[in-house]
Amino acid sequence: MPPVAKVEPITTARALRGPFDYLCPEGVGVGSVLIVPFGHRDVVGVVVSIADRSELPDDRLASPRRVLDHDLPPELVELAGWIAAEYCSTPARALALVSPPPGARAKLAWWASATGAPADDAPRRALSARQRTLLDGLRDGGRRQAGADLPALRRLADRGLVELRRRPVRRYVTHDAVGARRAQPPPLTGDQTQALTAIEAQLARDKPHALLLHGVTGSGKTEVYLRAAATALDRSRGVIILVPEIGLTPQIVSRFADRFGDTVAVLHSRLSAGERHDEWTRLRSGQARVCVGPRSAIFAPIERLGLIVLDEEHDASYKHEGDPRYDARQVAQRRADQAGALLLAGSATPRPESVHALRRVRLPARVDGQALPPVRIVDMRETAGALHPDTSHALVDAAKSIVLLNRRGWSNFVDCRSCGHVWMCSQCDVALVLHRSQDRLACHHCGHRERMPARCAQCGSMSVSRHGAGTERLAHDLQQIGHEVFRLDADVADAGALLRRFEAARRGILVGTQMVAKGHDFPDVTLAVVVDADGTLRFPDFRAEERTFALVTQLAGRAGRGPAGGRVLVQTLSPGAPSIVAAAGHDADGFLRAELARREALRYPPFSSLIRIVCSAPEAAAVRAAAQALRAALGEIDGAQILGPAPLFRLRGRERTQLVIKAGDRAAAVRAAGAAVDEVAADRTRRDVAYSVDVDPQ
Ligand code: ADP
Ligand code: ZN
Ligand code: ZN
């Protein structure tokens, strides 16, 4: 009996459940990527296992059409299987995550090298001067990519003196001056040395314990990551560095490239398909052993992985919002366990979950020995307008400052002065936000935009009023301070360029959403301001306190990074809120202790796991019926509490209802949720209803 390849076709259809059997060609194994006949078409599929025999009769087994030349490491195939189960998705969708960029190919060019053939005397005299120079150059310099000199090289090849071959060229260079700036590492501080010792002890183990590097902003965490990576590389192990958003903090990529040169590959969505292909191939072949990138870089095809760094582990971008709704932090832990690698998470504001689960290593002070900047809570309850007079004065005095307001646009909503009509999104039950420079009202949930109305649609009145302020309005108001204003939010096309302009300016105010609080390092910023620190607190979410603490602390970390020191002003309507008071006192331990106690009392993560199931459909009645069926299908789950169904606001033209499972036994609850959704989704009378399962919703 010939062996059988079990192949999972990469399709997005949920109903299709593979794997399917094919004849297994020579050399094909787990991870091979094939083109297989499937129904009436050919599809790409991944071999997930090899079996001795098939349930199908021999003559029904098809042969793959083609074996593609890139294959997946078997660990990634296994990881995809785990993701599919853990996040209630399908194997095909999970495999699509770990597969190389589809459709891209290597870019080929002619490369020339000298053959060993002698070219003395007679043959050499037959060459032109230019050909002779070319040949001598190749004999001294080895292989080289052909350029404008290709015709001349061809003539040399005709004489058997030069060999020309088509070989891949790399489309992406990690760093402009790879190797040129190979920076000397600074000597470590005492705290860094201690942290590194603890990390290296784990790296030496077969099954390392994950560590949490809890270090205040500016405490030199990145330097510790760099040293840990060097140790892993010395042990011939590969390294993955996960970072939140490369567009906002490109410095971290260059720090790794400066230190390790060409062995660093970068994978992120802004690369072209060709560049991604080349970086992926360099990692797959082992030419590159370090991968830096955002959440999807956790799927880098690195074998013998030794270290995974999760920089800014509290960052929300680690959670993927499409199916499979994976959390890269959870996947990183799984991948580390699989490979016997160390997971090293780092943050100044670690999540309560991580503090609870991981061993902590501390960096309690800034590298430069400076104290953290003093934080003043500014009570806004008696003040009208966006800025307190004290804040305005401080902004005038500071040469450079950063101002955070976590709301985009000009005003939160607009309404009619005579009849009170509020402009709402036609597809979602939310108010539209005014973006004045574009003369548009926009929905921040579905992206719908419409022109700013000239008159009320309801009563025809011409007077429309705007309420609340977003970053656009604040940036406009801040012009009065007299410094140049730089606005950074999701409406800005090139965040990197804007940050570079702010960095170069002698005076200026950087104002924007949470994007301004990311790991920027501007030593001449002496003032940081949070406008409306309660913005994040008002969300009805058990993580509201954690988010607020992190946001205020991270922003505070942007101030006073240079010799001039700095200070922080936090404007708030709830000056007594625990998260704000703790952030103002730089009291991470106090905050974490209280927050963990609160979560334990309320049985929130990490003392339970949450699973959220959202049913949606164009009609409210269909959604209600589906949610009730789902509730019935879930029945009772041991040790779990099931909340809902509860209605959510309409989104993108779909009515929605959610159920939340608060589970003690996570694995059992995930299985129960998956089975219930499969059961209810199989009911053909409810075709319009879509179900989405979110394990560990954020
Ligand atoms: P964090 O990631 O904890 O915010 P960084 O790693 O960015 O901190 O370090 C802050 C600054 O201190 C950086 O400019 C970095 O180059 C510098 N630095 C880090 N470690 C050392 C050291 N041991 N000696 C001197 N400078 C250091
Ligand atoms: Zn009106
Ligand atoms: Zn909308």
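Just so it is clear, the structure is predicted and the values come from calculations on it, not from any experiment. (Residues numbered from 1 in each chain as written. Chains lettered and ligands numbered in written order. Predicted model: local features only at pLDDT ≥ 70, side-chain atom pairs only at ≥ 80, totals over all residues. Heavy atoms only, no water.)

Draft legend 1. Summary view of the side chain of Arg599. Within the element layout of this structure, Arg599 appears in helix H17 (residues 588-602). Assessed through its relative accessible area of 1%, Arg599 is described here as buried. In this structure, Arg599 is in contact with Pro352, Glu353, Phe542, Arg543, Glu546, Tyr604, Pro605, Pro606 and Phe607, ignoring residues within four places of it in sequence. (Helix = DSSP H or I, 4+ residues; strand = E, 2+ residues; numbered from the N terminus. Buried < 20%, exposed > 50% of the residue type's maximum accessible area, 1.4 Å probe, protein only. Contact = heavy atoms within 4.5 Å.)

Draft legend 2. Quick peek at the site of ligand 1. Within the structure, ligand 1 sits among 17 residues, and Pro187, Gln192, Gly218, Gly220 and Lys221 are positioned closest to it. One nitrogen or oxygen atom from the main chain of Pro187 is found 2.8 Å from a nitrogen atom belonging to ligand 1. At a separation of 3.1 Å, an oxygen atom of ligand 1 approaches a polar backbone atom of Thr222. Here ligand 1, which alone exposes 560 Å², has 71% of that area covered by the protein. If you tally residues by element for the shell around ligand 1, the top one is helix H7 (residues 221-234), at three residues. A breakdown of the residues in the shell around ligand 1 according to their chemical character gives five nonpolar, seven polar and five charged. (Near = heavy atom within 4 Å. Polar contact = N/O pair within 3.5 Å; in protein donor to acceptor, adjacent residues only side chain to side chain. Areas by Shrake-Rupley, 256 points an atom, 1.4 Å probe, with all protein chains shown as cover. Nonpolar A, V, L, I, M, F, W, Y, C, P; charged D, E, K, R; others polar.)

Draft legend 3. Layout of the domain arrangement of the protein chain. Domain parsing of the protein chain yields domain 1 (4-98), domain 2 (107-169), domain 3 (190-363), domain 4 (375-409 + 471-602), domain 5 (413-467) and domain 6 (609-695). Each of domain 1 and domain 6 has a C-alpha centre, and these two points are 30 Å apart. The interface of domain 1 with domain 6 comprises five residues on the first partner and six residues on the second. Here domain 1 packs against domain 6, burying approximately 500 Å² in sum over the two surfaces, 49% of which is carbon and sulfur. Applying the counting rule to domain 1 against domain 6 returns one salt bridge. (Domains from an automatic or database assignment. Buried area = accessible area lost by both parts, 1.4 Å probe. Salt bridge = Lys/Arg side-chain N within 4 Å of Asp/Glu carboxyl O.)

Draft legend 4. Looking closely at the coordination of the zinc ion (ligand 2). The coordination sphere of the zinc ion (ligand 2) contains the protein donors Cys416 (SG), Cys419 (SG), Cys456 (SG) and Cys459 (SG), at a distance range of 2.3 to 2.4 Å. Each of the four donor atoms bound to the zinc ion (ligand 2) contributes to angles spanning 103 to 114°, and the resulting shape is tetrahedral. Assessed through its relative accessible area of 4%, Cys456 is described here as buried. (Donors = N, O, S within 2.8 Å, 3.2 Å for Na, K, Ca; no water. Tetrahedral: all angles 85-135°; square planar, octahedral: opposite > 155°, others 65-115°.)

Draft legend 5. Structural view of the coordination of the zinc ion (ligand 3). Those donors, Cys425 (SG), Cys428 (SG), Cys443 (SG) and Cys446 (SG), are the protein atoms that reach the zinc ion (ligand 3), and they lie 2.3 to 2.4 Å from it. Along the chain, the residues donating to the zinc ion (ligand 3) are arranged with the sequence spacing C-x2-C-x14-C-x2-C. By relative accessible area, Cys446 is classed as partly exposed at 23%.

Draft legend 6. The side chain of Lys518, seen in detail. Summarising the element assignment, Lys518 is placed in the loop between strand E24 (508-512) and strand E25 (527-530). A distance of 3.4 Å separates polar atoms of two side chains, one belonging to Lys518 and the other to Glu245. Those residues within four positions of Lys518 in sequence are excluded, and the remaining contacts are Glu245, Leu248, Thr249, Asp315 and Arg558.

Draft legend 7. Local environment of helix H2 (residues 91-98). Among the residues making up H2, those that are buried are Ala92, Arg93, Ala94, Leu95 and Val98. Those residues of H2 that are buried are in contact with strand E1 (4-9), strand E4 (41-51) and helix H1 (74-86).

Draft legend 8. Inspection of the sheet that holds strand E13 (residues 305-310) at higher detail. Spatially, seven strands are ordered E11-E12-E10-E13-E14-E9-E15 in an open sheet, and the strand pairing comes out parallel. Each of the sheet's edge strands pairs with one partner strand only, and the pair in question is strand E11 (264-266) and strand E15 (359-363). Averaged over all adjacent pairs, the angle separating strand axes in this sheet is 20°, with direction ignored. Seen against the sheet, helix H6 (residues 190-203) touches strand E9 (211-215), E13, strand E14 (342-347) and E15 and runs at an angle of roughly 155° to E15. (Pairing = 2+ DSSP bridges. Axes fitted to C-alpha atoms, helices over the stretch in contact; angles between N-to-C directions.)

Draft legend 9. Up close: the packing of helix H4 (residues 129-141) against helix H5 (residues 150-158). Interhelical geometry of H4 versus H5 gives an angle of 80° and a closest axis separation of 10 Å. Put simply, H4 runs roughly perpendicular to H5. Within the contact between the two elements, H4 uses Gln131, Leu134, Leu135 and Leu138 and H5 uses Ala152, Leu153, Arg155 and Leu156. Of the residues in the contact of H4 with H5, the class split is six nonpolar, one polar and one charged. (Parallel < 35°, antiparallel > 145°, perpendicular 65-115°, else oblique.)

Draft legend 10. Region of interest: the packing of aromatic side chains. Inspection of every chain in the model, using the stated rule, returns eight aromatic pairs. Plain terms: the ring middles of Phe256 and Phe260 are 6.1 Å apart, the flat faces sit at 35° to each other, and that makes the pair tilted. Of this pair, Phe256 and Phe260 both sit in helix H8 (residues 251-260), four residues apart, which is roughly one turn of the helix. The residues Phe256 and Phe260 share a single accessibility class, namely buried. One aromatic cluster is present, built from ring pairs that chain together Phe486, Phe502 and Phe522. The ring of Trp110 has Arg154 lying over it, and the distance from NZ or CZ to the ring centre is 5.3 Å. Taking the ring centre of Phe649 as reference, the NZ or CZ of Arg656 above it sits at 4.9 Å. (Phe/Tyr/Trp six-rings, centres within 6.5 Å; stacked < 30°, edge-to-face > 60°. Lys NZ or Arg CZ within 6 Å of the ring centre and 35° of its normal.)

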